[in-house]
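Spelled out, the chains give:
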Amino acid sequence: MFIDYLTLIMINLVAGTTILAWYLYKGFTSDAEGQRPFSAGFGIVGVLGLVLGLGMVFTWPLPGSYNIAFGETTALFGAVFLATAFALYHRWDLKPVTIFAFFAGVFAVVVGIRLISLNLTKEPLFSGIGFILAGLGGVAAFPAFGLLKNKYIRLLAVIVLVGTALLWAFTFYNSLWGHMESFGSWLPPTLSGGQ
């Protein structure tokens with residue numbers, strides 16, 4: 001049996017998109033000092049995403065292309081959030097981070113389309129739409145950065161992010177529920193007599 005920590009990746013994605021939605025709703029228009037507290041939340045999500053994503057990229061614990069879909073996108077997601085945390089903490093301009101987020105977003109959109117077209121995961125449509133929506137957030141980050149000063153555009157972004165978080169939360173719940181059952185009798189090699 002393979003090692004599977006996708007549920008941890010998914011709850012991190014739920015937390016990240018929720019923090020980003022809250023930041024756009026409450027912190028984006030604040031002065032630099034008012035934005036700084038958000039760096040802790042972005043940092044937690046960023047570190048966890050980067051560690052889990054790179055772990056999957058380097059070890060390929062899942063069957064086939066799932067490692068690409070979940071590992072590489074998670075590493076990119078984590079990197080964007082970690083860079084955002086540093087930028088907010090140090091009061092740096094976020095525009096360079098949004099440029100990287102654009103390319104990470106393109107990657108996630110392509111992965112989402114391929115999940116659907118290859119019928120991967122138990123719920124390919126839900127998973128694919130989740131990747132596409134999260135990716136579109138990254139793609140739109142740079143072009144929309146100046147537009148986010150408009151409260152209606154910012155509110156639209158918040159609604160899309162909350163919808164994305166809810167979609168990932170639904171996927172997370174179903175995965176966690178199933179994983180708790182399917183991994184219920186699993187034993188590590190040290191406890192199973194090497195079998």
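Notes on the structure in this doc start here.

This model, assessed by the stated rule, comprises 9 aromatic pairs. Note on F102 and F103: the rings are 5.1 Å apart at their centroids and 90° apart in plane angle, and the pair reads as edge-to-face. Since its relative accessible area comes to 56%, F103 is described here as exposed. Following the ring pairs from residue to residue traces out a cluster consisting of Y23, F38, F42, F77 and F81. Above the face of the Y89 ring, R36 is positioned so that its terminal group lies 4.0 Å from the ring centre.

Turning to the packing of helix α3 (residues 38–59) against helix α4 (residues 66–90), a few remarks are in order. Between α3 and α4, the least distance of the axes is 6 Å, while the angle of their chain directions is 150°. Taken together, the axes of α3 and α4 are roughly antiparallel relative to one another. Remark: the crossing between α3 and α4 carries left-handed chirality.

To continue, consider the pattern of salt bridges. Any two side chains of opposite charge can pair, so long as their charged atoms come close to each other. Enumeration according to the criterion identifies 2 salt bridges in this entry. The salt bridge involving D93 is made with K95; its shortest N-O contact spans 3.8 Å. Accessibility expressed as a relative area gives 39% for K95, which makes it partly exposed.

This brings us to the nonpolar core. Grouped together as the largest cluster of nonpolar side chains are 39 residues, with contacts concentrated most on L6, Y23, L24, F42, M56 and L94. Counting only elements with at least two residues in this core, the list comes to α1 (6–27), α3, α4, α5 (95–117), α6 (124–144) and α7 (151–182).

So, on to the packing of α1 against α3. Where α1 meets α3, the closest approach of the two axes is 10 Å, and the angle between their N-to-C directions is 150°. Here α1 lies roughly antiparallel to α3, going by the angle between them. You can see that α1 and α3 cross each other, and the crossing is left-handed. Facing α1, whose interface residues are L6, L8, I9, N12, A15, G16, I19, L20, W22, Y23, K26 and G27, α3 presents F38, G41, F42, I44, V45, L48, G49, L52 and M56. Each residue belonging to the contact of α1 with α3 can be placed in one class, and the counts come to 15 nonpolar, 5 polar and 1 charged.

Leave glycine aside and you will find that most residues have negative phi; peptide bonds, for their part, are mostly trans. With a phi close to 45°, W60 is a non-glycine residue in the positive phi region. Structurally, W60 is set in the loop between α3 and α4. For T121, which is not glycine, the phi dihedral falls at a positive 70°. Inspection of the secondary structure puts T121 in the loop between α5 and α6.

What follows concerns the environment of V106. By the element assignment, V106 lies in helix α5. Considering only alpha carbons, one finds V106 and F131, 25 residues apart in sequence, at a separation of 10 Å.

It is worth spelling out α3 at this point. Helix length check: α3, at 22 residues, gives a terminal C-alpha distance of 32 Å against a target of 32 Å (1.5 Å per residue), a fit within 8%. For α3, every residue scored as buried is listed here: F38, S39, G41, F42, G43, V45, G46, G49, L52, G53 and M56. Buried residues in α3 make contact with α1, α2 (32–35) and α4. Of the residues flanking the end of α3, it is W60, one or two places downstream, whose phi is positive at about 45°.

Here T17 is to be found in helix α1. Excluding residues that lie within four positions of it along the chain, T17 makes contacts with F81, L161, T164 and A165.

Calculation criteria
Residue positions are given per chain, counting from 1 as you read along its sequence in written order. For this predicted model, a pLDDT threshold of at least 70 governs which residues receive local features, and a threshold of 80 or more governs which side-chain atom pairs are given and counted, while totals over whole chains, interfaces and linings are taken from all residues. Think of the side-chain values as coming from all heavy atoms in the structure, minus any hydrogens and water. Stacked, tilted and edge-to-face are the three classes applied to pairs of Phe, Tyr and Trp rings, where Trp contributes its six-membered ring and a pair requires centres within 6.5 Å; stacked means planes under 30 degrees apart, edge-to-face means over 60, and tilted covers the rest. Note on classification: 1.4 Å probe, protein chains only; a residue is buried when its accessible area is under 20% of the maximum for its type, exposed when over 50%, partly exposed between these limits. We count a charge as sitting over a ring when the NZ of a lysine or the CZ of an arginine lies within 6 Å of the ring centre and within 35 degrees of the ring normal. Lines are fitted to the C-alpha atoms to define the axes, a helix being fitted only along its stretch in contact, and any angle between axes, read from their N-to-C directions, falls within 0 to 180 degrees. Per the convention used, a helix needs a DSSP run of H or I reaching at least four residues, while a strand needs a run of E reaching at least two, with both numbered from the N terminus. Relative orientations are named as follows: roughly parallel for angles under 35 degrees, roughly antiparallel for angles over 145 degrees, roughly perpendicular for angles from 65 to 115 degrees, and oblique for any other angle. Left-handed is the label given to a crossing in which the near helix is rotated counterclockwise from the far helix by less than a right angle, and right-handed is the label when the rotation is clockwise. Salt bridge, as used here: a side-chain nitrogen of Lys or Arg that lies within 4 Å of a carboxyl oxygen of Asp or Glu. In these notes, a set of buried Ala, Val, Leu, Ile, Met, Phe, Trp, Tyr and Cys residues joined through side-chain atoms within 4.5 Å is what counts as a nonpolar core. Working rule for contacts: check all heavy atoms of both residues, and any pair within 4.5 Å makes them a contact. As a working rule, the residues Ala, Val, Leu, Ile, Met, Phe, Trp, Tyr, Cys and Pro are called nonpolar, Asp, Glu, Lys and Arg charged, and the rest polar, with Gly in that last group. Between the first and last residue of a helix there are one fewer steps than residues, each counted as 1.5 Å, and that sum is the expected span.

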